[in-house]
Amino acid sequence: MAGKVFFSVSMSLDGFIAPESSEELMGQQWVELQRWIFPLRFFRENLKLGEGGKEGRDNDIVRETFERTGASVMGKRMFDAGERMWPEEAPFHTPVFVVTHEKRDPWERPGGTTFHFVNDGIESALDQAREAAGDRDVRISGGGATILEYVNAGLIDEFSIALSPVLFGSGIRLFEGVDAGRVALEQVRAEPSLRVTHLTYTVRKR
């Protein structure tokens, strides 16, 4: 049986998941948004940042998200930012399908990540990701515009938000432009920690 299609993001209390400009990634606000994840043992191990790190439920959730993912899909904006920032051994360790108009051969990285560049739309990228993932899940990694396309197309089964105690004021809103008349949500669970609140929803058509 095919797995689920999901996304999992950190979001500010006022609804933003990233600064407006990719040049602001790793800026103060973005670092504050992601502060909960940086000290975690699994995150540090996956990016080869050294031994040690915090354990607990936050760490378990990050590890579980990684383990359920058999393939990822992302937009060109996210890939362009990540290509500059990711280490040589990119942190996915699965096939990644990049929705883009750019024609480019697959880009294989050490550690099991291969980026495939898909020129014929979000559904084609998802079909290829499903095939690559097998019975594991497909994660729509981002950015915000790509996630929204999949939500509005009715292709998301589930999503999780790590609601972070920070305010952005401006930037990229997760649900800016959502077709709310077509999308209904059911809350699956809410798990607070000292750093963030983890919210999980299933998605269905209205």
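Refer to the structure printed above.
Residues numbered from 1 in each chain as written. Predicted model: local features only at pLDDT ≥ 70, side-chain atom pairs only at ≥ 80, totals over all residues. Heavy atoms only, no water.

Undergrad: What is the right way to look at the packing of aromatic side chains in this model?
TA: Given two aromatic rings, one states the distance between the centres and the angle between the planes to describe the pair. Applying the stated criterion across every chain yields a total of 15 aromatic pairs. Ring centres of Phe 92 and Phe 115 lie 6.0 Å apart, and the angle between their planes is 85°; this geometry places the pair in the edge-to-face category. Taken together, the residues span a long stretch of sequence, with Phe 92 in the loop between α4 (76-85) and β4 (95-99) and Phe 115 in strand β6 (residues 114-118) at a distance of 23 residues. We note that Phe 92, like Phe 115, is buried. Put simply, the rings of Phe 79, Trp 86, Phe 92, Trp 107, Phe 115 and Phe 117 pair up and form one aromatic cluster. The aromatic ring of Phe 6 is capped on one face by Arg 68, whose charged end is 3.8 Å from the ring centroid. Of note, Arg 104 hangs over the ring of Trp 107, and the distance from its end group to the ring centre comes to 5.3 Å. (Phe/Tyr/Trp six-rings, centres within 6.5 Å; stacked < 30°, edge-to-face > 60°. Helix = DSSP H or I, 4+ residues; strand = E, 2+ residues; numbered from the N terminus. Buried < 20%, exposed > 50% of the residue type's maximum accessible area, 1.4 Å probe, protein only. Lys NZ or Arg CZ within 6 Å of the ring centre and 35° of its normal.)

Undergrad: How should the pairing of strand β3 (residues 69-75) be read in this particular structure?
TA: Within a regular strand, side chains alternate between the sheet's two faces. Most of β3 is tucked away, with seven of its seven residues classed as buried. When β3 meets β4, the two strands line up parallel, connected through four bridges. When the sheet's bridge partners are listed, Met 74 is paired in β4 with Val 98. Note that the unit made of β3, α4 and β4 has a crossover that is right-handed. (Pairing = 2+ DSSP bridges. Right-handed = clockwise from strand over helix to strand, strands pointing away.)

Undergrad: Would you take a moment to explain the pairing of strand β1 (residues 5-12) for this structure?
TA: Burial runs high along β1: eight of the eight residues are buried. Burial along β1 is two-sided: Val 5, Phe 7, Val 9 and Met 11 and Phe 6, Ser 8, Ser 10 and Ser 12, pointing in opposite directions, are all buried. Pairing between β1 and strand β7 (residues 137-142): two bridges, direction parallel. Paired with Phe 6 across the bridge in β7 is Arg 139. Here β1 runs beside strand β8 (residues 158-164); their pairing, made up of seven bridges, is parallel. The residue bridging Val 9 from the neighbouring strand is Ile 161, located in β8.

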